[in-house]
Amino acid sequence: MAERVLVTGATGFIGRHIPALLQARGFETHITARNASPTTPGMTAHQVDLLHQDDAQRLIRDIRPDIIIHTAWYVAHGRFWTAPENTDWLEASTALAAYAAEAGTRRFVGIGTCAEYATEAGDDAYPWPETRPIAPATPYGEAKAALARRLTEMAEARARFSVTWARLFHLFGEGENPARLVPSIMIALRAGREAPCSSGRPVRDFISTQNAAAAIVALAASHVTGPVNIASGAPISIAAMARLIAQITGRPYLLRLGALPDRPNEPPYMVAHTGRLRREVGFTAPVSLSAELTKLQIR
């Protein structure tokens, strides 16, 4: 009998790619979102607001999933870093995991962020492993780190409840807010307008949402526990990323690096060490940013 997987936030930026990947692996797939609707034949959708804990408990009792991939969170662009909703989602997510453990769910996949890590740890020119100190600088990072701790404690207290924590690095892809880096440049250049940017000196680790979703599904299907970086492991400066986008659109002459001020206190280097993802999970993210960006360009 196929294992039953529940995906929360399945209409979101990254969650939208996960259900079809689960079905391709033979899982019985259930999705939930406030306005959920099945996107693939055979998928079961559940409309539920997970912030209402009675509804969440009823959902778990009715479905009794073997695995949960919990992608739901508050992610309004520009607001989520400091939003009070982070606390709401911390409590709702903790309750969801507790209900799941009590109902017999064997595995819970939480979604974390590179913003949990300390941005200054004395090794700022090297990839960040999962053992890097946790010292979030924002309420968003703090809430995610707190949830990771709580889930770990639950797993330690229950022999048949395993937890893994997918720490996402820098995402881009379909459905991205137009104010973010990749779409803001792409939209402007497609329209024949100048695309002003900062200096772009910071180095980052970009991965498409499709590849990140595939990594999360591979992690869910594995027996790996604890934190795992979800990233390409390939460093690239923001300036180089912007130039690549400009080249793909065919209008590099409209890119204006340095036209906007740099953000204060921005970490100079945020790149993942992906050893656990590659060796233990068995997943290697394609590092052809050009190919992934071209897919977006032709949509």
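The preceding data block contains the structure.
Quick caveat, the model's predicted, so the values are computed rather than measured.

Further remarks concern the overall build of the protein chain. The helix and strand tally for the protein chain stands at nine helices and 13 strands. Dimensions of the protein chain, computed from C-alpha atoms along their principal axes, come out at roughly 55 × 45 × 35 Å. Burial status across the protein chain gives 51% buried among its 299 residues. Here the protein chain displays about 13600 Å² of accessible surface, and carbon together with sulfur accounts for 52% of that area. The centroid of the 31 positive side-chain charges in the protein chain is displaced by 5 Å from the centroid of its 27 negative side-chain charges.

Between its first and last C-alpha, helix α7 (residues 238-249) extends 17 Å over 12 residues, near the 16 Å set by a 1.5 Å rise per residue. Those residues of α7 lying buried are Ile-238, Ala-239, Met-241, Ala-242, Leu-244, Ile-245, Ala-246 and Thr-249. Count one or two residues on from α7 and you reach Gly-250, which has phi positive near 85°.

Enumeration over the complete set of coordinates arrives at eight aromatic pairs. Over the ring of Trp-128 we find Arg-132, and its NZ or CZ is 3.8 Å from the ring centre. The ring of Trp-73 is capped by Lys-144, whose NZ or CZ atom sits 4.0 Å from the centre of that ring.

All right, on to helix α6 (residues 209-221) then. A rise of 1.5 Å per residue sets the reference length of α6, with its 13 residues, at 18 Å; its end C-alpha atoms lie 18 Å apart and thus fit the reference within 8%. Judged by how many residues are buried, α6 sits mostly within the fold: 10 of 13 residues are covered. Taken together, the buried positions of α6 are Thr-209, Asn-211, Ala-212, Ala-213, Ala-215, Ile-216, Val-217, Ala-218, Leu-219 and Ala-220.

To continue, consider the nonpolar core. In terms of nonpolar packing, the biggest core is built from 34 residues, with Leu-50, Trp-73, Trp-89, Phe-108 and Leu-151 touching the most fellow members. Broken down by secondary-structure element, the contributors of at least two residues to this core are α2 (53-63), α3 (85-103), α4 (139-157) and β6 (162-168). If one sorts the elements of this core by residue count, α3 sits on top with 10 residues. When near neighbours in sequence (up to four residues on either side) are disregarded, Phe-108 contacts Ile-68, His-70, Leu-96, Ala-97, Leu-151, Phe-161, Ser-162, Val-163 and Thr-164.

A few words now on the sheet that holds strand β2 (residues 28-33). Spatially, β3-β2-β1-β4-β5-β6-β11 is the arrangement adopted by the seven strands of the open sheet, whose pairing is parallel. Each edge of the sheet is formed by a strand with only one pairing partner; in this case those strands are β3 (44-47) and β11 (226-230). Taking the axes of each pair of neighbouring strands and ignoring which way they run, one obtains an average angle of 20° across the sheet. Bridge count between β6 and β11: five bridges; the pairing is parallel.

As a further point, take the pairing of strand β4 (residues 67-70). Taking every second residue as pointing to the same face, both faces of β4 are buried, with Ile-67 and Ile-69 on one and Ile-68 and His-70 on the other. The sheet contact formed by strand β1 (residues 4-8) and β4 spans four bridges and is parallel. The residue bridging Thr-8 from the neighbouring strand is His-70, located in β4. Across four bridges, the pairing between β4 and strand β5 (residues 107-113) is parallel. For His-70, the partnering residue across the bridge sits in β5 and is Gly-110. Handedness of the crossover joining β4 and β5 through α3 is recorded here as right-handed.

Rules and cut-offs
Residues numbered from 1 in each chain as written. Predicted model: local features only at pLDDT ≥ 70, side-chain atom pairs only at ≥ 80, totals over all residues. Heavy atoms only, no water. Helix = DSSP H or I, 4+ residues; strand = E, 2+ residues; numbered from the N terminus. Buried < 20%, exposed > 50% of the residue type's maximum accessible area, 1.4 Å probe, protein only. Areas by Shrake-Rupley, 256 points an atom, 1.4 Å probe, with all protein chains shown as cover. Lys, Arg positive; Asp, Glu negative; His and termini not counted. Charge placed at Lys NZ, Arg CZ, Asp CG, Glu CD. Expected span 1.5 Å × (residues − 1). Phe/Tyr/Trp six-rings, centres within 6.5 Å; stacked < 30°, edge-to-face > 60°. Lys NZ or Arg CZ within 6 Å of the ring centre and 35° of its normal. Core = buried A, V, L, I, M, F, W, Y, C linked by side-chain atoms within 4.5 Å. Contact = heavy atoms within 4.5 Å. Pairing = 2+ DSSP bridges. Axes fitted to C-alpha atoms, helices over the stretch in contact; angles between N-to-C directions. Right-handed = clockwise from strand over helix to strand, strands pointing away.

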